[in-house]
Amino acid sequence: MNNNIITYCSFNIEDFSSIKNLYDNEMLFNKFRNLDLLLIQEWKNKNNEGEMFISKLNENNKRKYEYKYVDRVCLIYDINNFECTNYFPIELAFEAPKMIEKAYTKGRVKSNILTILKPKSSEISNLVLCIINFHLSAYKPDLHKGFHKKQLSKLLKDSLKIIQSKGYKKYGVIIGGDTNYRTIGMNSNNLIEELLDNIR
């Protein structure tokens, strides 16, 4: 975190399916090592994939990364710059998958994560940073009208309720994730308009 500017990225790691190619790409890892935060979707640690990723990230690095995860979403943060004060699983809205979708998704109830970080910089130590990392259901929008919007809007509303219940006076919010929202045609780029309700 330089000059109180927070650097971060959000990406789907695809269950670490290309883990060897990932680990062989030192240039990519050096880019990761310049970031304060990484928001990752399709995280897993069944065979220590996540632990190996963190170990590689910390290798020969001045930064020191730790992580918090819920279900298949993970926040990685630089502990030189941040202290994690809490994190919360937030259950997404659920709808059963259609028959055709069962070929590629279980369509189970999923939880996403809200992580609360406190910056260690004395200049902004009174600021709380609230990170919302999401991974919406891999459903076809035409088979689930308005469902991705329902999931994301509920997640944001539930997150804001938690944030407000903690009584934070000054906070910032970072939101990132995988929408799994794929459409074609004239409205294919209207992601924000299509996915967000008025959440006030």
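Residues numbered from 1 in each chain as written. Predicted model: local features only at pLDDT ≥ 70, side-chain atom pairs only at ≥ 80, totals over all residues. Heavy atoms only, no water.

A. Highlighting the overall build of the protein chain. A tally of helices and strands in the protein chain yields 5 helices and 8 strands. When the helices and strands of the protein chain are listed from N to C terminus, the series reads β-α-α-β-α-β-β-β-β-β-α-β-α. Counting the 200 residues in the protein chain, one finds 45% classified as buried. At a minimum sequence separation of 6, the contacts of the protein chain that also span at least 24 residues come to 71%. Surface accessibility of the protein chain: about 11200 Å² in total, with carbon and sulfur atoms responsible for 49%. (Helix = DSSP H or I, 4+ residues; strand = E, 2+ residues; numbered from the N terminus. Buried < 20%, exposed > 50% of the residue type's maximum accessible area, 1.4 Å probe, protein only. Contact = heavy atoms within 4.5 Å. Areas by Shrake-Rupley, 256 points an atom, 1.4 Å probe, with all protein chains shown as cover.)

B. Region of interest: empty space enclosed by the protein. Here the structure, examined in full by the defined rule, presents 1 cavity of 30 Å³ or more. Estimated volume of the largest cavity: approximately 40 Å³. As for the largest cavity, its lining consists of L92, A93, F94, E95, R108, V109, K110, S137, F147 and Q151. A breakdown of the residues in the lining of the largest cavity according to their chemical character gives 5 nonpolar, 2 polar and 3 charged. (1 Å grid on protein atoms, 1.4 Å probe; cavity = no way out; pocket = protein on both sides within 12 Å on 5 of 7 lines; lining within 4 Å. Points joined across faces, edges and corners; volume = space filled by probe spheres on them. Nonpolar A, V, L, I, M, F, W, Y, C, P; charged D, E, K, R; others polar.)

C. Just the sheet that holds strand β6 (residues 111-119), in detail. As summarised here, the arrangement of the 4 strands in space is β5-β6-β7-β8, forming an open sheet in which the pairing is mixed. Among the strands making up the open sheet, the edge pair consists of β5 (82-91) and β8 (171-178). Each strand axis lies, on average, 20° off the axis of its neighbour in the sheet, ignoring direction. Two elements, β5 and β6, share 9 bridges in a ladder whose sense is antiparallel. (Pairing = 2+ DSSP bridges. Axes fitted to C-alpha atoms, helices over the stretch in contact; angles between N-to-C directions.)

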